[in-house]
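Here's the letter readout for the chains.
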Amino acid sequence: MTRSIEHGKRTGFATLGTGGLNFDSFPMRLFSKGNAKHWNPADIDFTQDARDVAAMTDAERDMTVSLAAQFMAGEESVTQDLQPFVAAMAAEGRLADEMYLTQFVFEEAKHTEGFRRWFDAVGMTGDLHGHIEDNEHYMQIFTDELPNSLYALALDPSPRNQVRASVTYNHIVEGTLALTGYFAWSKVCQSRGIMPGMQQLIKHIGDDERRHMAWGTFTCRRHVAADDSLWDAVDERMQELLVPAMGVVTGTFERYEEGEPTPFDVDMNEMAEYAMDKIGRRLGAIESARGADLRVIDVDAAPEALEERFHAEDQAELAAV
Ligand SMILES: [Fe+2]
Ligand SMILES: [Fe+2]
């Protein structure tokens, strides 16, 4: 008989079925890996960060705070907006993905906590909305595109909606915005020898985000392997969001006068190139799943290996700074 583990409609138990949980499946691998990597945001010492922020020029402090505000509000958004995906995995009977996503949500909540502790430590407890609200593309993504594509799963968790949600959440918000921003920002902090607490926070977050990204690539791969027409859905959603995603980056920098040096000499074009390179290579990993056997995709660690390769490239670049 067919048993259901869908939320509120349980007629059986995935763990009691023949074979139990497949620990070689990709989501279970990520789950076990994450279980071995717990860290506590409250352990990070931000006292030197407070001194460094106080010593900045006004323009440097303004840029630091607006980037940290974008990161923090982004982490809060992804903490909330992943939850429909957890339910969608249960509706599909995918307990391993559901288990991994509970860890994923927990990690996003820790990222949110980490940034809030940083703001408290540097003494910024006033209202921070003014640092993000004039960035119209940021607002479009975090108050419209992200929540709408994820909460669409609550009404209809179809493969097409899952692909659109994953491209928005994993490939645009995490891959293009968060990972690019965190890399550029850790490069600034490291090259100047400032904000050791922020550097540590971003390092831990990056460790988590690589697994999140790998899950996003895996999820798109399994849908594309099962139904080749969904490759177009990946591409279509990517095209819809590339302009606003790049707009978030340019919106952050365009308030600095033309010809004036950007605080910390951040190079916007370099960031855009970094983002496009990663998008292209992750899309390549998804495209390689077209026509593949789903049983192979389910245990194929390629999405994880790709993120590890990106990490090694980042480390090499940071070491050269
Ligand atoms: Fe995060
Ligand atoms: Fe994430």
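Look up: the structure comes first, before these words.
Residues numbered from 1 in each chain as written. Chains lettered and ligands numbered in written order. Predicted model: local features only at pLDDT ≥ 70, side-chain atom pairs only at ≥ 80, totals over all residues. Heavy atoms only, no water.

J.: Can you help me understand the packing of aromatic side chains in this one?
T.: Between two aromatic rings, the relevant description is the distance of the centres plus the angle of the planes. Inspection of the entire model under this criterion finds twelve aromatic pairs. With 5.1 Å between their ring centres and 85° between their planes, Phe85 and Trp215 make a pair best called edge-to-face. One end of the pair, Phe85, is in helix H4 (residues 83-91); the other, Trp215, is in helix H8 (residues 196-226), and 130 residues separate them in sequence. In this structure, Phe85 and Trp215 share a single accessibility class: buried. Taken together through their ring pairs, the aromatic side chains of Phe85, Tyr100, Phe104, Tyr169 and Trp215 make up a single cluster. The ring of Tyr274 has Lys278 sitting right over it, with the charged end atom 3.8 Å from the ring centre. (Phe/Tyr/Trp six-rings, centres within 6.5 Å; stacked < 30°, edge-to-face > 60°. Helix = DSSP H or I, 4+ residues; strand = E, 2+ residues; numbered from the N terminus. Buried < 20%, exposed > 50% of the residue type's maximum accessible area, 1.4 Å probe, protein only. Lys NZ or Arg CZ within 6 Å of the ring centre and 35° of its normal.)

J.: What am I meant to see in the coordination of the iron ion (ligand 1) here?
T.: For a metal bound by four donors in a tetrahedral arrangement, the ideal donor-metal-donor angle is 109.5 degrees, while six donors in an octahedral arrangement ideally sit at 90 or 180 degrees. Binding of the iron ion (ligand 1) to the protein goes through Glu75 (OE), Glu75 (OE), Glu108 (OE), His111 (ND1) and Glu209 (OE), at separations of 2.0 to 2.8 Å. On the primary sequence, the residues serving as donors to the iron ion (ligand 1) are separated as E-x32-E-x2-H-x97-E. The class for Glu209 is buried, based on a relative accessible area of 2%. (Donors = N, O, S within 2.8 Å, 3.2 Å for Na, K, Ca; no water.)

J.: How do you make sense of unusual backbone geometry when you look at a structure like this?
T.: Glycine aside, a negative phi is what most residues show, and trans is what most peptide bonds show. Look at Phe264: it is not a glycine, yet its phi comes out positive at around 65°. With respect to the helices, strands and loops of the structure, Phe264 is situated in the loop between helix H9 (230-253) and helix H10 (268-287). At Asp265, a position not held by glycine, the phi torsion is positive, near 55°. The topology assignment puts Asp265 in the loop between H9 and H10. Given the relative accessible area of 56%, Asp265 is considered exposed.

J.: Looking at this structure, I do not really get the coordination of the iron ion (ligand 2). What am I missing?
T.: Here the iron ion (ligand 2) is held by Glu108 (OE), Glu174 (OE), Glu209 (OE), Glu209 (OE) and His212 (ND1), and the distances to it run 1.9 to 2.6 Å. Here the donor residues for the iron ion (ligand 2) map to a single chain with the spacing E-x65-E-x34-E-x2-H. The metal-metal distance between the iron ion (ligand 2) and the iron ion (ligand 1) is 3.4 Å, with Glu108 coordinating both. A residue pair is termed long-range when its members are at least 10 positions apart, and Glu108 in helix H5 (residues 95-121) and His212 in helix H8 qualify at 104 residues. For the pair formed by Glu108 and His212, the shared burial category is buried.

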